[in-house]
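# What the coordinates show
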Amino acid sequence: MLKKILIIEDEHSIATLLSYNLVQAGYETMVANDGKEGFELAMNENPALILLDLMLPSMDGVEVCKSLRQQKVNTPIIMLTAKDDEFDKVLGLELGADDYMTKPFSPREVVARVKAVLRRADQSAAQSGNPSAALAFGGLKVFPEQFEVYLNEEQIEFTPKEFELLVYLMENKNRVLTRDQLLSAVWKYDFAGDTRIVDVHISHLREKIEENSRKPVFIKTIRGLGYKFEEPKAG
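The written sequence of each chain sets the order in which its residues are numbered from 1. In keeping with the model being predicted, local features are shown solely for residues with a pLDDT of at least 70 and side-chain atom pairs are shown and tallied solely at 80 or more, while totals for entire chains, interfaces and linings include all residues. As a rule here, side-chain values come from all non-hydrogen atoms in the structure, and water together with hydrogens is ignored.

Going by the annotation in an unreviewed UniProt entry, the name recorded for the chain is Response regulator transcription factor, with Planococcus shenhongbingii given as the source organism.

### Thoughts on the overall build of the chain
Counting from the N terminus, the helices are DSSP H or I runs at least four residues long and the strands are E runs at least two residues long. Helix and strand content of the chain: eight helices and 12 strands. Taking all 235 residues of the chain together, the buried fraction comes to 49%. Within the chain, contacts between residues separated by at least 24 positions form 56% of all contacts whose residues are at least 6 apart in sequence. The buried label applies to any residue whose accessible area, calculated with a 1.4 Å probe on protein chains only, is under 20% of its type's maximum; exposed applies above 50%, and partly exposed to all values in between. Only heavy atoms enter the contact rule, under which two residues are in contact if any of them lie within 4.5 Å.

### A word on the environment of Thr81
Here Thr81 shows up in strand E4 (residues 77-81). C-alpha separation for the pair Thr81 and Phe105, spaced 24 residues apart in sequence, amounts to 10.0 Å. Among residues more than four places away in sequence, those in contact with Thr81 are Asp53, Leu54, Tyr100, Met101, Thr102 and Lys103.

### Some points on the sheet that holds strand E12 (residues 226-229)
DSSP calls a pair of strands paired once it identifies at least 2 bridges connecting them. Ordered by their spatial adjacency, three strands build an open sheet running E10-E12-E11, and the pairing between neighbours is antiparallel. The sheet is open, and its two borders are formed by strand E10 (177-178) and strand E11 (219-222), each paired with just one other strand. Pairing analysis gives two bridges linking E10 to E12, with the strands arranged antiparallel. In the strand pairing of E12, Leu177 is matched with Tyr227. Comment: axis = line fitted to C-alpha atoms, over the contacting stretch for helices; angle = value between 0 and 180 degrees taken between N-to-C directions. Along the sheet, helix H6 (residues 160-171) makes contact with E10, E11 and E12, crossing E12 at roughly 70 degrees.

### Observations concerning the side chain of Glu9
Tracing the backbone through its elements, the reader meets Glu9 in the loop between strand E1 (4-8) and helix H1 (12-24). Judged by its relative accessible area of 0%, Glu9 is buried. Distance and chemistry together define a polar contact, namely a pair of N or O atoms within 3.5 Å, with one atom able to donate a hydrogen and the other to accept it when in protein, and with adjacent residues in sequence counting only for side-chain atoms on both sides. Within the structure, the side chain of Glu9 is placed 2.9 Å from the backbone nitrogen of Glu11, a separation counted as a polar contact. Of the polar contacts made by the side chain of Glu9, one reaches the side chain of Lys103; its length is 3.0 Å. If we skip the residues at most four places from it in the chain, Glu9 touches Ile14, Ala15, Ala32, Asn33, Asp53, Leu56, Leu80 and Lys103.

### What about the pairing of strand E3 (residues 49-53)?
Within a regular strand, the side chains alternate between the two sheet faces. Taking burial as the measure, the five residues of E3 include five buried ones, the bulk of the element. What you see with E3 is no split at all: Leu49, Leu51 and Asp53 on one side and Ile50 and Leu52 on the other are buried throughout. Pairing of E1 with E3 involves four bridges; the strand directions are parallel. Bridge pairing in E3 links Leu6 to Ile50. One ladder, built from four bridges, connects E3 with E4; its direction is parallel. Of the residues in E4, the one forming a bridge with Leu51 is Ile78.

### Regarding the packing of H6 against helix H8 (residues 196-209)
In the contact formed by H6 and H8, the axes pass within 10 Å of each other and the chain directions differ by 85 degrees. Overall, the two elements H6 and H8 adopt an arrangement that is roughly perpendicular. Where H6 abuts H8, its residues Lys161, Glu162, Leu165, Leu166 and Leu169 lie against His201, Ile202, His204, Leu205, Lys208 and Ile209. In terms of residue class, the contact of H6 with H8 is made up of six nonpolar, two polar and three charged. Throughout, the term roughly parallel applies to angles under 35 degrees, roughly antiparallel to angles over 145, roughly perpendicular to angles from 65 to 115, and oblique to all others. In the scheme used here, Gly and all other residues not listed as nonpolar or charged are polar, with Ala, Val, Leu, Ile, Met, Phe, Trp, Tyr, Cys and Pro taken as nonpolar and Asp, Glu, Lys and Arg as charged.

### Focus: the nonpolar core
Counting residues in hydrophobic clusters, the biggest one holds 32 residues, and the most contacted among them are Leu140, Val142, Leu166, Leu169, Ile219 and Phe229. For this analysis, a nonpolar core means a set of buried residues of the types Ala, Val, Leu, Ile, Met, Phe, Trp, Tyr and Cys, connected via side-chain atoms within 4.5 Å. Membership of the second largest hydrophobic core comes to 21 residues, among which are Ile50, Leu56, Leu68 and Tyr100.

Next comes the structure, spelled out in structure tokens:
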């Protein structure tokens, strides 16, 4: 069965171009030309990935992304925008987008980015579950092959990118990792040295797994260097 890509884009020429190239690359596509329609399709059609324009009629991309994450829809989202604006980029990522592309972009670049995001999301789902492969520290238990995280036996929802970052940190427990190392390992392509993306996702992780995100016990900031995952000390 072909993977279904939802394109939420109000510029018909761009939507048509994206759809054509994704179909040529072996995907099925759906197109919505406003945010409300796109949100409804995302909720009802279970796409494998969403290409989401930032500026949309009826419901903008920020609101679509925010609403989907509030509804616990963790479908990978790549945001598209004509603005080369740091605020927009950080805002989109803070709301749960997995990636961000600035117009103009080549269709080939979009297809490559879609493939990369889907490949990372599929790595866990495609493998058979293996409980013995769990990563467990201080009440936090992660099953990389099942895409599941539990904190004190309660399941926590993560976006694919948040999950990949958490697994990488846990697999490198007690090792100081620079922001550039995390960009290279988790995002796997040059993000123009934008280490703010790492900080945004670290903040997301802390909000979900730390009792007090301002006094983290799992993910420590190593000032001037980066981050380190530690097992909480007993007592």
